[in-house]
Amino acid sequence: MMGVVWSLLGILSGAFIAIQAPINSQLARGLGLPVAAAAFSFLSGAIVLGIISVTVVKLQGVSLDWKAPAPWLFVAGGMLGGFYVTLSTILTPRIGAAALMAFLVAGQLLAGMLIDRVGFLGVAVREISLGRVAGAVLLLAGALLVRLY
């Protein structure tokens, strides 16, 4: 049962990404600068997540171990997210939300296959099989069809 819940939450998360792209593009049009829209998107997200984090820490009585993670981990995800949001903000009005989402999913799958193959940051190693390659080719073909038609 929990597998279904996690899958549905994954779908919901994907929908949020699709909705976020045109919102940030509209913000960029209003501000006149895509990077500024991405910055304000991250700033508002950081504030909300900061409030949630403080609340959870207080409610659960836990403390954060600021020394445990490698220092580069504190900025790497945010930098990658910043590039993602900025590029999505720029691309949405140019190629459309559906094409952008198709290419995003294709890029995520290809990167995920590479991450699985090398076991990046402790991810379980999984070989690149013929079935995985076929799935990636079909997904790329689908992304191209969404973009072209």
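Residues numbered from 1 in each chain as written. Predicted model: local features only at pLDDT ≥ 70, side-chain atom pairs only at ≥ 80, totals over all residues. Heavy atoms only, no water.

A. Examining the side chain of Thr89 more closely. Within the secondary structure layout, Thr89 lies in helix α3 (residues 73-95). A distance of 2.7 Å separates the side chain of Thr89 from the backbone oxygen of Val85, its partner in a polar contact. (Helix = DSSP H or I, 4+ residues; strand = E, 2+ residues; numbered from the N terminus. Polar contact = N/O pair within 3.5 Å; in protein donor to acceptor, adjacent residues only side chain to side chain.)

B. View of the side chain of Ser25. Inspection of the secondary structure assignment puts Ser25 in helix α1 (residues 2-31). Judged by its relative accessible area of 3%, Ser25 falls in the buried class. When residues no more than four places from it in sequence are discounted, the contact partners of Ser25 are Ser88, Thr89, Thr92 and Pro93. (Buried < 20%, exposed > 50% of the residue type's maximum accessible area, 1.4 Å probe, protein only. Contact = heavy atoms within 4.5 Å.)

C. Focus on the packing of helix α4 (residues 97-118) against helix α5 (residues 130-148). α5 packs onto α4 with a crossing angle of 160° between their chain directions and a minimal axis gap of 8 Å. Here α4 is positioned roughly antiparallel relative to α5, judged by the angle of their axes. Crossing hand, α4 versus α5: left-handed. Two secondary-structure elements touch here, α4 through Ala98, Ala99, Ala102, Phe103, Val105, Ala106, Leu109, Leu110, Met113 and Asp116 and α5 through Arg132, Val133, Gly135, Ala136, Leu139, Leu140, Ala143, Leu144, Val146 and Arg147. (Axes fitted to C-alpha atoms, helices over the stretch in contact; angles between N-to-C directions. Parallel < 35°, antiparallel > 145°, perpendicular 65-115°, else oblique. Left-handed = near helix turned anticlockwise from the far one by under 90°.)

D. View of the environment of Gly142. Mapped onto the elements of the fold, Gly142 is located in helix α5. Owing to a relative accessible area of 27%, Gly142 belongs among the partly exposed residues under this scheme. It is 7.5 Å that separates the C-alpha atoms of Gly142 and Ala102, two residues lying 40 residues apart in sequence.

E. Seen up close, unusual backbone geometry. Positive phi, normally seen in glycine, also occurs at Leu121, with a value near 55°. With respect to the helices and strands, Leu121 occurs in the loop between α4 and α5.

F. Quick look at α1. With 30 residues, α1 ought to run about 44 Å at 1.5 Å a step, and its terminal C-alpha atoms sit 42 Å apart, in line with that. Residues of α1 that are buried include every one of Ala21, Asn24, Ser25 and Ala28, and no others. Where α1 is buried, its residues meet α2 (34-60), α3 and α4. (Expected span 1.5 Å × (residues − 1).)

G. Broad picture of the packing of α3 against α4. Two elements in contact, α3 and α4, have axes whose closest approach is 8 Å; the angle formed by their N-to-C orientations is 135°. Between α3 and α4, the angle falls in the class oblique. Contact with α3, carried on its side by Tyr84, Ser88, Leu91, Thr92 and Ile95, involves Ala97, Ala99, Leu100, Phe103 and Leu104 of α4 and no other residues of that element. The class makeup of the residues in the contact of α3 with α4 is eight nonpolar, two polar and no charged. (Nonpolar A, V, L, I, M, F, W, Y, C, P; charged D, E, K, R; others polar.)

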